[in-house]
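Structure assessment
What follows is the residue order along each chain.
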Amino acid sequence: MTTNPKIIGEGLAFDDVLLVPQRSSIRSRFSGEIDTSARVARGAPPVHIPIISANMDTVTDWRMATTISLLGGFGVIHRFMSMGEQATEVRKVKERMRVVEGHPPIITSTATIRDARHLLRQRERGYVIIHDGSSYDGSFIGIATPRDFEAGTPDTPLTAIMTPRDRIATVPAGTELDEAVKAMHQHRVEKMPVVGDDGRLVGVYTMKDFKYYHQYPHASLDSRGRLLVGAAIGVQEGDIERSLALVEAEVDVLVLDIAHGELDYTQEILHRLKVIERINTPIIAGNVATIDGAKYVRDCGADGVKVGVGPGYVCETRDVAGVGVPQITAIMNAAEAYKNDSDRIPIIGDGGIRKPGDVAKAIAAGADTIMVGSLFAGTDESPGEPVEQDGMLKKMVRGMASATAFEKRLALGSTTTNLEDYVPEGRTTFTPYKGKVSKVVKKLRGGLLSGMSYSNARTIAEMHERAQFIIVKNAVPEQRRPLQT
Ligand code: XMP
């Protein structure tokens, strides 16, 4: 190797390495011996599957974020929409399920069936609680569901068709979910209001929520049993307001979306949000690819780091700017940067995942989780509809630094650059339609379990510690490798 100081070393991409089989005591990767739970960001609850869907507008809106979180991963809602829309998307994910509904849909006794239907559409719930007064103080006089609505016309007052308070079964405050479910079975109802000693409503258990917990036992949940969700922010002045709106919507993690995370912007915006605005929500920052870059982001106060400059399927940074670090080396750089930290911030390996084996390699290199863009873009849950091309169904995927994505940012007023000056560093293409994202997640997770089993690793931490690579000579260049699930 040259000793010229301009050359700092050699880099390894996914195909440049293979995991070396190790003597393993794991009997089967499906035996439940392997625990893939991982940290997404300092201060955020852990997830069961270390897979994050990327904040790209052809990948993650509320649908993808909801599904990935139900499956046990984490989704980051993209920022190529107004701040109000993005906050609404966060709310939709948070509203999907909860252990107990602390803010049930409440309506006054003068309302009609039409009013109730309107409220239920807005809140996506299957019942309304009716109170009798100008303002709600927890006292209620009845409950009504869409089945009750069928007994009247849109103009019928709710009080005519509701189940009145004296016929509503309730459980006392402090009742656990399992007990509430028993009570629902016993009374043959699907909703169980929880009341305090003073008879006021403190929450509502529903059978629907309970069923979600059974159907998705690994769902990523916050302390109130609601799905976890992240949202991307940028570095414009308006992003402070956007961040506050997202925090108000109870987003779990903010993700600072900058292609080159070593810019002054990272420090400025983290200072604004954490010190001046006093936001407690964890903030992930990036992207970086070097040891210094990883240290910089950590020292700016980030709660997680996103690693990857140029490995993405629709990235053109390496072609346009000539900049990048092969992804295995980039992840190893971040791991090296934090090797002596007692409370190491989690590392996200962002970009370049084309096949299941890449997940195991990224984790082995030191990533806690991986972020997936293009592989998820062709699924039912990604935004947009499939189109027919050359006799095949396909869905669009585009780089967030592509020309078409830039036009969208211009229209939203979220950039100060002129169209004439803009040089894209991402492309737009079409990827085969793949059906449900759960199928892709299953393959990626299966590959990870297998890689962990070969490495004798029962946890992500053991994978970091024990996995070893061997370098493969003459591998295919990273950028144009095909997507393979
Ligand atoms: P994959 O390979 O999963 O990578 O599609 C997703 C990641 O790619 C990054 N990304 C871009 N990088 N120009 C780039 O250089 C772009 O236009 C672009 N769009 C997305 C991003 O980090 C994403 O998570």
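Residues numbered from 1 in each chain as written. Predicted model: local features only at pLDDT ≥ 70, side-chain atom pairs only at ≥ 80, totals over all residues. Heavy atoms only, no water.

1. Thoughts on the overall build of the chain
We count it as follows: Numbering of helices and strands starts at the N terminus; helices are DSSP runs of H or I of at least 4 residues and strands are runs of E of at least 2. Here, residues are in contact when the closest pair of their heavy atoms is within 4.5 Å. Neither His nor the chain termini are counted; the positive set is Lys and Arg, and the negative set is Asp and Glu. To locate a charge, the coordinates of NZ of Lys, CZ of Arg, CG of Asp or CD of Glu are taken.
Looking only at helices and strands, one finds 17 helices and 20 strands in the chain. Principal-axis analysis of the C-alpha atoms gives the chain an extent of 85 × 60 × 55 Å. In the chain, of all internal contacts separated by at least 6 residues, the share reaching a separation of at least 24 is 66%. A gap of 6 Å separates the mean positions of the 59 positive and 61 negative side-chain charges of the chain.

2. So, the pattern of salt bridges
Opposite charge on two side chains permits them to pair, given that their charged atoms come into close proximity. As a reminder, the rule being used: When a carboxyl oxygen of Asp or Glu lies within 4 Å of a side-chain nitrogen of Lys or Arg, that pair is called a salt bridge. The cut-offs for exposure are 20% and 50% of the maximum accessible area for each residue type, with area from a 1.4 Å probe on protein chains only; residues under the lower value are buried, those over the upper are exposed, and the others partly exposed.
According to the stated counting rule, one finds 32 salt bridges in the structure shown. Asp 15 is the salt-bridge partner of Lys 355, the closest N and O atoms lying 3.5 Å from each other. Placement of the pair is Lys 355 in the loop between β15 (347-350) and α13 (356-365) and Asp 15 in the segment before β1 (17-19), with a sequence separation of 340 residues. The class of Lys 355 is partly exposed, set by a relative accessible area of 24%. Glu 101 is the salt-bridge partner of Arg 125, the closest N and O atoms lying 2.5 Å from each other. A residue pair is termed long-range when its members are at least 10 positions apart, and Arg 125 in the loop between α3 (113-123) and β5 (128-131) and Glu 101 in the loop between α2 (83-95) and β4 (106-108) qualify at 24 residues. Judged by its relative accessible area of 11%, Arg 125 falls in the buried class.

3. Here we look at the nonpolar core
Just so we agree on the cut-off: We call a set of buried Ala, Val, Leu, Ile, Met, Phe, Trp, Tyr and Cys residues a nonpolar core when their side-chain atoms join them within 4.5 Å. Throughout the structure description, domain borders are defined by an automatic or database domain assignment.
Core analysis: the largest hydrophobic core is formed by 120 residues, its most contacted members being Ile 353, Phe 376 and Leu 444. Broken down by element, the residue count for this core peaks at seven residues, all from helix α16 (residues 437-454). Inspection of this core shows a minimum of three residues originating in each of domain 1 (14-97 + 219-480) and domain 2 (106-215). Ile 113, Ala 116, Ala 144 and Phe 149 belong to the second-largest nonpolar core, a separate cluster that totals 13 residues.

4. Side note on the sheet that holds strand β7 (residues 163-164)
Neighbouring strands of a sheet are bound in pairs by backbone hydrogen bonds; such pairs are parallel or else antiparallel. Threshold: The pairing criterion for strands is at least two bridges between them, as found by DSSP. Angles here are taken between N-to-C directions and fall from 0 to 180 degrees, while the axes themselves are lines fitted to C-alpha atoms, restricted in helices to the stretch in contact.
Within the open sheet, the four strands sit side by side as β4-β5-β6-β7. Their pairing is mixed. Looking along the sheet, the strands with just one partner apiece sit at the ends: β4 and β7. Sheet topology places β5 next to strand β6 (residues 142-144); three bridges connect them, and they run antiparallel. Bridged to Ile 130 within β6 is Gly 142. The strands touched by α3 within the sheet are β4 and β5, with β4 carrying the most contacts at an inclination of about 160°.

5. Some thoughts on unusual backbone geometry
Both trends apply: most residues other than glycine have a negative phi, and most peptide bonds are in trans. Cis peptide bonds are those with omega within 30 degrees of zero, and the linkage from Gly 286 to Asn 287 qualifies with -5°. Along the polypeptide, Asn 287 turns up in strand β13 (residues 283-288). Positive phi values are uncommon outside glycine, yet Glu 250 reaches one of about 70°. Counting through the fold element by element, Glu 250 comes out in the loop between α8 (238-248) and β12 (253-256). On the accessibility criterion, Glu 250 (35% relative accessible area) is partly exposed.

6. Concerning the domain arrangement of the chain
The condition that has to hold: What gets called buried area is simply the loss in accessible area from a 1.4 Å probe that two parts show on being joined, summed for both.
Its domain assignment divides the chain into domain 1 (14-97 + 219-480) and domain 2 (106-215). Taking only C-alpha atoms, the centre of domain 1 and the centre of domain 2 are 39 Å apart. Listed as interface residues are six residues of domain 1 and, on the opposing side, six residues of domain 2. A combined buried area of about 590 Å² lies between domain 1 and domain 2, and 46% of that area is made up of carbon and sulfur atoms.

7. Description of the sheet that holds strand β8 (residues 171-172)
Pairing within the open sheet is mixed, and its three strands lie in the order β8-β9-β10. Since the sheet does not close on itself, it has two edges, and those belong to β8 and β10 (201-206), each with one partner. One ladder, built from five bridges, connects strand β9 (residues 191-195) with β10; its direction is antiparallel. Within β10, the position partnered with Val 194 by the bridge is Gly 203. The strands that helix α6 (residues 177-187) touches are β8, β9 and β10; relative to β9, the one it contacts most, it runs at about 125°.

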